[in-house]
Amino acid sequence: MFENSLAQAFSSHFKRPPQFSVSAPGRVNLIGEHTDYNEGFVLPCALQYKTNVMAAKRSDSIINAFSLQYPEAIEHFDLSQPIEHGLYPWGDYLRGVVNELLKAEHVISGMDIVISSNVPQGSGLSSSAAFEVAIAGLFNEAFGLGLSGPQMARIGQLAENNFIDCQCGIMDQLISAEAQFHSALLIDCQDLSTRPVAIPDDLALLVINSNYPRKLADSEYNERRLACELAASTMGISSLRSATMTTLDAVKTQISDKVYRRAKHVVTENARVLKAADALQTGDLNTLYSIMHEAHLSLKHDFEITVPATDGLVDICMQALNNKGACRQTGGGFGGAVICLCAKEDVQTVIDAVEAKYYQQFSLHADILRCEPHRGLTVEALDKVA
Ligand code: ADP
Ligand code: MG
């Protein structure tokens, strides 16, 4: 249905049928916060929320594109000219990806493109990475670029870093490109190797957006990065990836208590991600739940990036579940969403508790999304199918 209406939108705008259909998902991170830029481990899961793109090649070097989410803001630019920022913020994600493909000297030419997505924007499910990976996947297919999933993910990350000026890691793009059915993906951010970890059928994933207005997130993010770098350099290592609690404790008197706790979060979080991946793999849900709870406490007390609203949501969910599930803040912090894992039969209990208590305590409405694990990037050449 979604695909049919996108094909119709393409045909009625461009007066010809699309040749390619591409889809890339948003994601939620199950565990592993602020470990990516410390070359550690993360365990994200791609979701049923996806960005779909349909397109057809042109015989010139022009890119025409529009998004059903921004129907008035039609993009138009020429690949034979330097790629600059456009009139519309959304179009810069497209321009950024194209720019990175050109910088890497890939041979590409013009395209007509339509985009539509049901990934909520700015809700922590990474609509921007889904968009970038879909566009990278489209050009890869249309021009036979031979890029691997990690290479397409890197193109998307570079677009955000260089064109959007968002210094994100590669997790969001990599899970969007590489996720497999019914699985989370354990990613080693040092060498980008991945291991799919199956998610049991009866495990429910709820993403609950606190809608707490995020403030100071950028400056606080930079402070955390610098603290991690300082702890690593004091230990004489290039990143916290190779630190252990023993090597960290050995420099405890040379760093402030704050820097110590920032590093402690990262060191212990890396260990938790590996344990959580094993617990998920073996279906040991009680262990998984207790590790997730520890992870939240580490974000709250050591990394100090939670806020009363997200701590409150975690408390409300944990109380409702009474040890039969887990909940923790997910994403960069200072607001955003929490992820709650529990048996499918307990989902309504959690929803009821959030609806009864969250607004009453924080005067904010929470958005509750029931999520399903889904596969990553899919690409179809429609004219080959016909
Ligand atoms: P998120 O956490 O959802 O990734 P970001 O601020 O990083 O939030 O990215 C959201 C931005 O990505 C939007 O403001 C828009 O510019 C772009 N974007 C995401 N999805 C679409 C879409 N379907 N069509 C056009 N632009 C999109
Ligand atoms: Mg984003």
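Residues numbered from 1 in each chain as written. Chains lettered and ligands numbered in written order. Predicted model: local features only at pLDDT ≥ 70, side-chain atom pairs only at ≥ 80, totals over all residues. Heavy atoms only, no water.

(A) The nonpolar core, seen in detail. Membership of the largest hydrophobic core comes to 38 residues, with the highest contact counts inside it found for L94, M111, I113, L138 and F139. Broken down by element, this core gets its largest block of residues, eight residues, from helix α3 (residues 127–142). When near neighbours in sequence (up to four residues on either side) are disregarded, F139 contacts I63, V98, L101, I108, S109, M111, I113, G144 and L145. (Core = buried A, V, L, I, M, F, W, Y, C linked by side-chain atoms within 4.5 Å. Buried < 20%, exposed > 50% of the residue type's maximum accessible area, 1.4 Å probe, protein only. Helix = DSSP H or I, 4+ residues; strand = E, 2+ residues; numbered from the N terminus. Contact = heavy atoms within 4.5 Å.)

(B) Spatial organisation of the site of ligand 1. Lining the immediate environment of ligand 1, one finds 15 residues, of which S67, Q69, G122, S127 and S128 sit closest. Q69 is positioned with one of its side-chain polar atoms (N or O) 2.9 Å from a nitrogen atom of ligand 1. Backbone polar atom of G122 to an oxygen atom of ligand 1: 2.8 Å apart, as the coordinates give it. Calculation on ligand 1 without its partners gives an accessible area of 570 Å², and the protein chains cover 80% of this total. Within the residue set of the shell around ligand 1, elements represented by two or more residues are α2 (89–103), β5 (111–117) and α3. Among the elements that make up the shell around ligand 1, the one with the highest residue count is α3 (three residues). Among the residues forming the shell around ligand 1, the class breakdown is six nonpolar, nine polar and no charged. (Near = heavy atom within 4 Å. Polar contact = N/O pair within 3.5 Å; in protein donor to acceptor, adjacent residues only side chain to side chain. Areas by Shrake-Rupley, 256 points an atom, 1.4 Å probe, with all protein chains shown as cover. Nonpolar A, V, L, I, M, F, W, Y, C, P; charged D, E, K, R; others polar.)

(C) Layout of helix α9 (residues 285–301). A rise of 1.5 Å per residue sets the reference length of α9, with its 17 residues, at 24 Å; its end C-alpha atoms lie 24 Å apart and thus fit the reference within 8%. Here α9 has its buried residues at L285, L288, Y289, I291, M292, A295, H296, S298 and L299. In this fold, the buried residues of α9 make contact with β1 (20–31), β8 (203–209), α8 (257–281), α10 (308–321), β9 (325–330) and β10 (337–343). (Expected span 1.5 Å × (residues − 1).)

(D) Main features of the domain arrangement of the protein. Taken domain by domain, the protein consists of domain 1 (2–200 + 374–381) and domain 2 (203–371). On a C-alpha basis, the centroid separation for the pair domain 1 and domain 2 is 27 Å. Viewed at the interface, domain 2 and domain 1 are joined by three salt bridges. A salt bridge links E33 to R328; the nearest nitrogen and oxygen atoms lie 2.7 Å apart. Summed over the shared surface of domain 1 and domain 2, the number is 21 residue pairs in polar contact (both at pLDDT 80 or more). The dominant element in the side of domain 1 that touches domain 2, judged by the number of residues it contributes, is strand β2 (residues 41–57), at seven residues. For the side of domain 1 that touches domain 2, a count of residues per class yields 19 nonpolar, ten polar and four charged. (Domains from an automatic or database assignment. Salt bridge = Lys/Arg side-chain N within 4 Å of Asp/Glu carboxyl O.)

(E) Structural context of the pairing of strand β7 (residues 194–198). Here strand β6 (residues 183–188) pairs with β7 via five bridges, running antiparallel. Across the sheet, the residue bridging to S183 is A198, located in β7. In this antiparallel pair of consecutive strands, β6 and β7, the connection spans five residues, and L192 shows a positive phi of 65 degrees. (Pairing = 2+ DSSP bridges.)

(F) View of unusual backbone geometry. Residue E39 is not a glycine yet carries a positive backbone phi of 60 degrees. Looking at the element boundaries, E39 is found in the loop between β1 and β2. Its relative accessible area of 29% is what places E39 among the partly exposed residues. In this structure, L192 takes a positive phi of about 65 degrees despite not being glycine. Topologically, L192 is positioned in the loop between β6 and β7.

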